[in-house]
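Coordinate inspection notes
Here is how the chains run, residue by residue.
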Amino acid sequence: MSDHYGNAKVQHGQMKSLGEDAEKVEVDPEEEMPVFCPSASPDPTSCITTTGADASGCSSVCKQRGKRNSKNSFHAVKNLNSPICEQTLHIKGTGKILQGKSESNGNYVAAHESRNTQEARCEDGFKLPRKRRPVTVDTSKAKTSLEALKLSIKELKWKEFPLGRRAACDIYWHGVSFHDNENIASGQVNKFPGMVEMLRKINLSRAVRTMQELFPEEYDFYPRSWILPEEYQQFSTQSRMVKESDTTVSPTFIVKPDGGSQGDGIYLIRDPSELKLMVGAQPKQAVVQEYIHKPLLIDKLKFDIRLYVLIKSMEPLEIYIAKEGLTRFCTEPYQEPSQKNLSHVFMHLTNYSLNVHSGNFVHSDSQSTGSKRTLSSVLYRLAAKGVDIKRVWSDIIALVIKSVIAVVPELKVYYQADIPPGKPGPTCFQILGFDILLMKNLKPVLLEVNSNPSMRIEHEQEVTPGVFEYVPSPVDEQVKVGVIRDTLRLMDPFNKKSTATSQPRAGGSDHWEEIPVDVDSQGKSPDNMGNLPPLCLKQVYPKYTKQFNHLRLVERIAALFIRFLGVKGNMRLGPTAFRTFIRTCKLSNSNFTMASVDILYIDITRRWACVLPDCREAGMGLQAFVEAFFYLAGRRFKSLMLREQVVSLLDLCEAHLGPQSSVEERRSLSCSRALPRAIKTQTLWLPNPQLNSPVAQRRATSQDCRPHQRLKPRTLRANTEN
């Protein structure tokens, strides 16, 4: 028996002799000290009380001398899950902390007082929180955002690893895509899988067009678009019809290459014959849009807004908008497009990378002058002219939320392919760059969304003829460093709180109660660092769930699509999985047989294979599945409008499928090979006895039931920041 245990036994006997009316001490849970608290030497006049979830199993019972408010009483937290348990003891009123180890036989071994304990003491008797380790950030792949990132990490007093690190970091900052570093199994990455592909001009246009079919009035902020070369005939016909209906109208169109960036390859046309459809022997992928010929002007110059948006999480969806942004001005006075000035890029295109080469470009250290200014300075100037800035800002917020809702369904498909459910992998977040144009009537128009917005905080300047160097840009630094710094603060792994409030079902009714958000906390620092400014990022979703949740119908379709994919890492639905979807949701009948289902699958898959010639994967992608879903909804509910048709079919399918109970059961809907025969029918949720036959089971284990394997990441084309 140790000396300490003997001393404790003597003390216990002395306390019992003080009177028979001694009572047991009840511990306030808020006063329980964590296991890792610093230690101190025990006070010989004190008694020991064991607390915690397993305190009732402890054999030693401590009693308090006299009244319960004795200043010499103290508490211990004990963990009995291991043979040797750590104990921490806090002496009330003295600020002393005891720590030691308790063996399985009840012996308590005291530990020496550490330096951390001495620093943790305070005069009022409460322990100060232990200083946490700094957050680690891998910046080896940061590329041009490195300087702003370094400044942000320095302000936060975090730890940077510019050359990477063998051990895992808390945050990985990539410059281009999620796949910049393939060996990440934990932590957080500042890129979502598939974001580069999803925000290309063509894919963004397709996603918004789908939403325009369902909600034409809600998605009128995106210019009318045609995808080349597949829609060239449609574009040519509609352009000719407009001119024939009104000879005084001569519309202008802007052509944007699908993979272009920094204004490269953009040009204006007035007739389809001016299109440049071929690049060598290959057709050129591009988007042609109606040109906004009446933009809002300041100082007779056309400008656009670069707004930074953070997608903090995809499930649940969390969107933040930076309160400060940039405005980028053209360098020639604006004139409505004519045949003479169509080639004047400094007049019509607001891209910084183009206008910086103009002789009229003005680098200014002031926020309100020059060719690049802060958004707040422009809004202040408009407010001085009587413009309702609150209305403008509200319209911009709505545009951002609707745009993100349009691209999230496809992003979820990419996400489950690269990070399958139930497998180890990092979580993701991403800063996007929204380019928005204000029309003369102050209506915001979405030009494009950049997956890699430029975070450079310096600009190129010619110091002597032919000699250039990078010099700091105060306007860029003020905006971009704040965005990166506060993004890191929101993603701080030590400040993450579990989401207690669940969001309403995606695409549900718009009569949900709005999720309450503490307005006062929007600008407060989550890490309670008094030396940091308030957050420059404002949460807009789920704050405004009530207004926009009804738009998330395509997400519900994507959930069905993912549920029937079957093979982890797959992004395409095979014919067997499509048949299983039809059977499970009971969408076939005498008028729509399984043979008709096969024909529908083949027709849609072939058409999309021609639309996506670069795709190497066979099968039905999400966009093709959405087209098929719309067709099925139209057949089933002919008397309703398209939106009501889709909602009705979704409700029907979800009712037949039931709740998603687990990842493996979701996967097993179209891949049941690995499951025992006895539970196959139960997993498929199919009451039809015909499906219990060996023939049906062989069908269910055919093409889409390959062994589970994670596909190799798709090779990304180089994507330059915008």
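Residues numbered from 1 in each chain as written. Predicted model: local features only at pLDDT ≥ 70, side-chain atom pairs only at ≥ 80, totals over all residues. Heavy atoms only, no water.

**Digging into the overall build of the protein**
Looking only at helices and strands, the protein features 20 helices and 26 strands. Here the protein, with 722 residues, has 50% of them falling under the buried criterion. Relative to all contacts within the protein whose residues are 6 or more apart in sequence, the contacts with residues 24 or more apart total 68%. As displayed, the protein has an accessible area near 35,700 Å², and 52% of this comes from carbon and sulfur atoms. (Helix = DSSP H or I, 4+ residues; strand = E, 2+ residues; numbered from the N terminus. Buried < 20%, exposed > 50% of the residue type's maximum accessible area, 1.4 Å probe, protein only. Contact = heavy atoms within 4.5 Å. Areas by Shrake-Rupley, 256 points an atom, 1.4 Å probe, with all protein chains shown as cover.)

**Details of the sheet that holds strand 10 (residues 225-228)**
Reading across the sheet, the four strands line up as 10-15-11-12 and stay open at both edges, with antiparallel pairing between neighbours. Whereas interior strands pair on both sides, the edge strands pair on one side only; in this sheet they are strand 10 and strand 12 (267-269). Here the strands of the sheet are splayed against their neighbours by 25° on average, with no regard to which way each runs. Here strand 11 (residues 253-257) pairs with strand 12 via three bridges, running antiparallel. Each residue of the ladder has a partner; that of V255, found in strand 12, is Y267. Relative to the sheet, helix 5 (residues 201-214) contacts strand 10, strand 11 and strand 15 (286-290), its axis offset from that of strand 10 by approximately 135°. Across the face of the sheet, helix 6 (residues 232-245) comes into contact with strand 10, strand 11, strand 12 and strand 15 while running at roughly 140° to strand 10. (Pairing = 2+ DSSP bridges. Axes fitted to C-alpha atoms, helices over the stretch in contact; angles between N-to-C directions.)

**A word on the nonpolar core**
Grouped together as the largest cluster of nonpolar side chains are 108 residues, with contacts concentrated most on L307, F434, F578, F581 and F629. When residues in this core are grouped by element, the largest group, 18 residues, is from helix 10 (residues 389-418). Every residue in contact with F629, bar those within four places of it in the chain, is listed here: I557, L560, F581, V646, L649, L650 and C653. Core analysis: the second largest hydrophobic core is formed by 31 residues, V137, W173, L490 and L537 among them. (Core = buried A, V, L, I, M, F, W, Y, C linked by side-chain atoms within 4.5 Å.)

**A look at the sheet that holds strand 8 (residues 171-174)**
Pairing is parallel in the open sheet, where five strands are placed in the order 7-6-8-9-21. Each of the sheet's edge strands pairs with one partner strand only, and the pair in question is strand 7 (159-161) and strand 21 (427-428). Of the pairings in the sheet, the one linking strand 6 (residues 136-141) to strand 7 comprises three bridges and is parallel in character. In the sheet register, V137 faces strand 7, and the bridge partner there is E160.

**Here's the deal with the pattern of salt bridges**
For the structure on display, the rule yields 30 salt bridges. Two residues, K150 and E160, come together in a salt bridge whose shortest N-O distance is 2.9 Å. Remark: E160 occurs in strand 7 and K150 occurs in helix 3 (residues 146-156); sequence separation between them is ten residues. Classification of E160 by relative accessible area gives partly exposed; the value is 22%. K412 is the salt-bridge partner of E555, the closest N and O atoms lying 2.8 Å from each other. Residue E555 is found in helix 13 (residues 553-563), and its partner K412 is found in helix 10; the two are separated by 143 residues along the sequence. The pair E555 / K412 is uniform in exposure class, with both members buried. Sharing partners across several salt bridges, the network here consists of E155, R485, D486 and R489. (Salt bridge = Lys/Arg side-chain N within 4 Å of Asp/Glu carboxyl O.)

**Things to note about helix 3**
Restricting attention to buried positions, one finds in helix 3 the residues A148, L149, S152, I153 and L156. Angular distribution of buried residues about the axis of helix 3 spans 135°; they occupy a single face of the element. As for helix 3, its buried residues are in contact with strand 6, strand 7, strand 8 and helix 11 (474-490). (Arc of directions from axis to C-beta.)

**So, the confidence of the model for the protein**
In this model, the protein carries an average pLDDT of 77, and 67% of its residues clear a pLDDT of 70 or more. The low-confidence segment residues 8-98, where pLDDT is below 50, has 172 contacts with residues more than four positions distant or belonging to other chains. In the predicted structure, residues 662-718 sits below a pLDDT of 50 and forms 104 contacts with residues beyond four places in sequence or in another chain. (pLDDT = per-residue confidence, 0-100.)

**Comments concerning the environment of L326**
Residue position: L326 is located in strand 19 (residues 326-329). Sequence spacing of L326 and V475 is 149 residues, and the spatial spacing of their C-alpha atoms is 8.2 Å. Residue contacts for L326: discarding those within four places in its chain leaves D304, I305, R306, Y308, K372, R373, L375, V475, D476, V479 and K480.

**Overview of the packing of helix 16 (residues 622-636) against helix 17 (residues 642-657)**
Remark: helix 16 packs on helix 17, axes separated minimally by 8 Å, with the N-to-C direction vectors making an angle of 95°. Viewed along their axes, helix 16 and helix 17 adopt a mutual orientation that is roughly perpendicular. On the side of helix 16, the interface is formed by F629, F630, L632, A633, G634 and R636, while helix 17 contributes L642, Q645, V646, L649, L650, L652 and C653. Here the residues of the contact of helix 16 with helix 17 sort into ten nonpolar, two polar and one charged. (Parallel < 35°, antiparallel > 145°, perpendicular 65-115°, else oblique. Nonpolar A, V, L, I, M, F, W, Y, C, P; charged D, E, K, R; others polar.)

**Considering the packing of helix 14 (residues 575-584) against helix 15 (residues 594-611)**
The geometry of helix 14 relative to helix 15 is characterised by a closest axis approach of 10 Å and an angle of 130° between their N-to-C directions. Relative to helix 15, helix 14 is oriented oblique. For helix 14 against helix 15, the interelement crossing comes out right-handed. Contacts from P575, F578, R579, I582 and R583 of helix 14 reach helix 15 at M594, V597, D598, L600 and Y601. Class assignment for the residues of the contact of helix 14 with helix 15 results in seven nonpolar, no polar and three charged. (Left-handed = near helix turned anticlockwise from the far one by under 90°.)

**Side note on the packing of aromatic side chains**
What the rule picks out here adds up to 14 aromatic pairs. Considering the side-chain rings of F561 and F625, the 5.4 Å spacing of their centres and the 50° angle between planes classify their relative orientation as tilted. With a gap of 64 residues between them, F561 in helix 13 and F625 in helix 16 connect regions that are remote in the sequence. Each of the two residues, F561 as well as F625, counts as buried. Each member of the aromatic cluster is reached from another via a ring pair, and the members are F561, F564, F578, F581, Y601, F625 and F629. Here the guanidinium or amino end of K372 rests over the ring plane of Y352, the centre of that ring lying 3.8 Å away. Across from the ring centre of F329, 4.1 Å away, lies the NZ or CZ of R373, which sits over that ring. (Phe/Tyr/Trp six-rings, centres within 6.5 Å; stacked < 30°, edge-to-face > 60°. Lys NZ or Arg CZ within 6 Å of the ring centre and 35° of its normal.)

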